[in-house]
Amino acid sequence: MGKTDNGIVTVTTLWADERLYYPLHALPYSPAHHFPKKRSDPGLRTKPQLAAAAAILAARAGVPDLWEPEGEIPSGHPTG
């Protein structure tokens, strides 16, 4: 609820079933203003890029590919 400015965002994968909720991978997201070349910096990874990387990690670990997004990125969001 509300808005968090300059907060830490982490893209995660997790294992969840009727008995267990267990985080598997956590990839930190850093906004463009943390990089020397801002949005054109080659080290910048967007949240969707991080989500794709986390999905690959999960697949390599043998986690089934059934997933549900935890939140939504508004359309047109600059880092979405």
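Residues numbered from 1 in each chain as written. Predicted model: local features only at pLDDT ≥ 70, side-chain atom pairs only at ≥ 80, totals over all residues. Heavy atoms only, no water.

(A) Highlighting helix 1 (residues 47-60). Under the 1.5 Å per step criterion, the end-to-end length of helix 1 is 20 Å for 14 residues, consistent within 8% with the ideal 20 Å. Buried within helix 1 we find Lys47, Leu50, Ala54 and Ala58. The buried side chains of helix 1 occupy one side of the element, clustering within an arc of 80° when seen end-on. Exposed positions of helix 1 whose direction lies more than 90 degrees from the buried face are Ala59 and Arg60. (Helix = DSSP H or I, 4+ residues; strand = E, 2+ residues; numbered from the N terminus. Expected span 1.5 Å × (residues − 1). Buried < 20%, exposed > 50% of the residue type's maximum accessible area, 1.4 Å probe, protein only. Arc of directions from axis to C-beta.)

(B) View of the confidence of the model for the chain. The share of residues in the chain with pLDDT of 70 or more is 70%, and the mean pLDDT across the chain is 76. Across the chain, element-level confidence peaks in helix 1 with a mean pLDDT of 87 and bottoms out in strand 1 (residues 9-16) with 81. (pLDDT = per-residue confidence, 0-100.)

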